[in-house]
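Summary of structural features
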Amino acid sequence: MATSSAPPVQSVSPLAPIGVSAALQASDDPSFKPKPKIFDEFALTDRVGIVSGGNRGLGLEMALALCEAGARAIYCFDLPATPSDEWEKTHEYIQKIGNGSRLEYVSIDVRDQEALWKKAQDIGDHEQRMDICVAAAGILKAHTDCLTYPAQQFKDVLDVNTNGVLFTAQAAGQQMRRFGHGGSIILIASMSGSITNKDHAWVSYNSSKSAVLQMARSMACELGLENIRVNSLSPGHIYTSMTAAYLDTQPHLLDKWSSLNPMGRIGRPDELRGVVTWLASDASSFCTGSDILVSGGHHAW
């Protein structure tokens, strides 16, 4: 006996009609008013998020971008008891922009799973939503021979770069699940998770970032049906306060690092603004389980 099956249900953009569908509707309906929607897809209006490592560097740069895109509130998690001068000035800048976005600072240790979960729950209670997580906290230790690498130092790096990333993602993801309207979790990995930095003995850092790549894929597969997307973002050589510890004391490294990609330069922190906003927004609604490389083409040769 033959049975009929219904066609699969297709998802619909919250901005529908959009794209060519909007063009076709405009053709059929003289009353339809065409409107560009590409920037609406990137908008983060009224959304709430957490950015770990948000006191300075890439984390703060990304937090600012999310606020500029219209987020209601971005909570910057970081270890210092009080925010940096850089954070304070960025906070003032957002207030001057005047779009209603709030940048909040939370002193917390990303290695403390219980504290992270509790703080995210408090944010959820206050904001009544959670939409975005950027797990950007990370550390890099000095050049150390892999065959004599100290156990405690290896553990210290993985505790922040791997465990801390998981705990941050868990904290935000629990609130996304609680409110039931999905979300975007962005784990900051590194090109060092899939390549090894030439002439740098960074076995702990490289291992920790490789783990983050697999963590993102694993979480994406578990959470996909809940519309909680999980991706990793892998920067190449970027001039930040962390890399400055090498570049400012060993000037020859700037030329060396610059020569390792086809663009012949290292990246700027602001060059991650667009990709993190895309990943956080509906513009990337079918992207999960992916690693996005922003490395100036370092992998291309």
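Residues numbered from 1 in each chain as written. Predicted model: local features only at pLDDT ≥ 70, side-chain atom pairs only at ≥ 80, totals over all residues. Heavy atoms only, no water.

Just so we agree on the cut-off: UniProt positions are given in the numbering used here, feature names are shortened, and annotations may be inferred rather than shown by experiment.
The name an unreviewed UniProt entry assigns to the protein chain is Sorbose reductase sou1, from the organism Galerina marginata. Annotation of the protein chain in UniProt includes, under Sequence similarities (unreviewed entry), the sentence "Belongs to the short-chain dehydrogenases/reductases (SDR) family."

**Things to note about the overall build of the protein chain**
Quick note on the threshold: Strands here mean DSSP runs of E at least two residues long; helices mean DSSP runs of H or I at least four residues long; both are numbered from the N terminus. Atoms considered for the radius of gyration are the C-alpha atoms alone. The globule rule reads 2.2 Å times the number of residues to the power 0.38. Relative accessibility under 20% of the residue-type maximum defines a buried residue, over 50% an exposed one, and the middle range a partly exposed one, all with a 1.4 Å probe and only protein chains included. Throughout, a residue-residue contact means that at least one pair of heavy atoms, one from each residue, lies within 4.5 Å. We get accessible surface area from the Shrake-Rupley algorithm with a probe of 1.4 Å; when it comes to residues, only the shown protein chains can shield them. Neither His nor the chain ends contribute to the count of charged residues, in which Lys and Arg are positive and Asp and Glu negative. Charge positions are represented by NZ for Lys, CZ for Arg, CG for Asp and CD for Glu.
Of regular secondary structure, the protein chain possesses 10 helices and seven strands. Relative to its length of 301 residues, the protein chain is compact, with a C-alpha radius of gyration of 21 Å against a globular reference of 19 Å. In terms of its C-alpha atoms, the protein chain occupies a principal-axis envelope of roughly 70 × 45 × 45 Å. Evaluated residue by residue, the protein chain yields a buried proportion of 45% over its 301 residues. In the protein chain, the share of contacts with a sequence separation of at least 24, taken over all contacts with a separation of at least 6, comes to 77%. As displayed, the protein chain offers around 15,300 Å² of accessible surface, 56% of which is attributable to carbon and sulfur atoms. Of the side chains in the protein chain, 25 bear a positive and 32 a negative charge, and the two mean positions are spaced by 1 Å.

**Section: the packing of aromatic side chains**
Here is the rule we go by: For Phe, Tyr and Trp, where Trp contributes only its six-membered ring, two rings pair if their centres lie within 6.5 Å, and the inter-plane angle classes them as stacked under 30 degrees, edge-to-face over 60, or tilted in between.
Across all of its chains, the model carries four aromatic pairs by this definition. Ring geometry for Trp202 versus Tyr205: centroids 6.2 Å apart, planes at 75 degrees, classification edge-to-face. Take Trp202 and Tyr205: they sit in the same class, and that class is buried.

**Here we look at the side chain of Lys37**
Quick reminder of the rule: Throughout this description, the term salt bridge denotes a Lys or Arg side-chain nitrogen within 4 Å of a carboxyl oxygen of Asp or Glu. By the criterion applied in these results, polar contacts are pairs of N or O atoms within 3.5 Å in which, for protein atoms, one can donate a hydrogen and the other can accept it, and in which residues neighboring in sequence qualify only through two side-chain atoms.
Note that Lys37 resides in the loop between helix 1 (20-28) and helix 2 (38-42). No salt bridge is formed by the buried Lys37, whose closest oppositely charged neighbour, Asp40, lies at an N-O distance of 6.6 Å. Reaching out from Lys37, the side chain makes a polar contact with the backbone oxygen of Pro17 at a distance of 2.6 Å. The contact partners of Lys37, leaving out residues within four places of it in the chain, are Leu15, Ala16, Pro17 and Ile18.

**Things to note about the sheet that holds strand 2 (residues 73-78)**
Sheet strands pair via backbone hydrogen bonds, and the direction of the pair is either parallel or antiparallel. Defined as follows: For two strands to be treated as a pair, DSSP must find no fewer than two bridges joining them. As a rule, the C-alpha atoms of each element are fitted with a line to give its axis, helices using only the stretch in contact, and angles between N-to-C directions run from 0 to 180 degrees.
What the seven strands build is an open sheet, ordered 3-2-1-4-5-6-7; its pairing is parallel. Every other strand in the sheet has two partners, leaving strand 3 (102-107) and strand 7 (291-294) as the edge strands with one partner each. When strand polarity is set aside, the average angle formed by the axes of neighbouring strands in this sheet is 20 degrees. In this structure, strand 2 lies alongside strand 3, joined through six bridges in parallel fashion. Bridging across to strand 3, Asp78 finds its partner in Ser107. Across the face of the sheet, helix 4 (residues 85-97) comes into contact with strand 2 and strand 3 while running at roughly 155 degrees to strand 3.

**Quick look at the packing of helix 3 (residues 57-68) against helix 4**
Our working definition: Angles are sorted into four bins: roughly parallel if under 35 degrees, roughly antiparallel if over 145, roughly perpendicular if 65 to 115, and oblique for all others. Nonpolar residues are Ala, Val, Leu, Ile, Met, Phe, Trp, Tyr, Cys and Pro. Charged residues are Asp, Glu, Lys and Arg, and all others, Gly as well, are polar.
The interhelical angle for the contact between helix 3 and helix 4, taken along N-to-C directions, is 10 degrees, at an axis separation of 11 Å. Judged on the interaxial angle alone, helix 4 and helix 3 are roughly parallel. The residues of helix 4 that touch helix 3, namely those facing Gly57, Leu60, Leu64, Cys67 and Glu68, are Glu86, Trp87, Thr90, Tyr93, Ile94 and Ile97. Considered class by class, the residues forming the contact of helix 3 with helix 4 number seven nonpolar, two polar and two charged.

**As for the nonpolar core**
Rules: The term nonpolar core refers to a set of buried residues drawn from Ala, Val, Leu, Ile, Met, Phe, Trp, Tyr and Cys, joined through side-chain atoms within 4.5 Å.
If you look at the biggest cluster of nonpolar residues, it comprises 34 residues, and the most contacted ones within it are Ile50, Tyr75, Phe77, Ile185, Leu187 and Val230. Elements represented by at least two residues in this core include exactly strand 1 (48-52), strand 2, helix 5 (113-127), strand 4 (132-135), helix 6 (151-179), strand 5 (183-188), helix 7 (203-223) and strand 6 (228-235). Those residues in contact with Phe77 that sit more than four places away from it in its chain are Ile50, Val51, Ser52, Gly53, Gly54, Val106, Ile108, Leu116, Lys119 and Ile123. Membership of the second largest hydrophobic core comes to 31 residues, among which are Ala63, Trp87, Ile94 and Val134.

**Quick word on the environment of Gln113**
Among the structural elements, Gln113 can be located in helix 5. Judged by relative accessible area, which is 28%, Gln113 ranks as partly exposed. Along the backbone, Gln113 and Thr243 are 130 residues apart, and their C-alpha atoms lie at a distance of 27 Å. Apart from the residues within four sequence positions on either side, Gln113 is in contact with Phe167 and Gln170. Polar contacts involving the side chain of Gln113 include one to the side chain of Gln170, which spans 2.9 Å.

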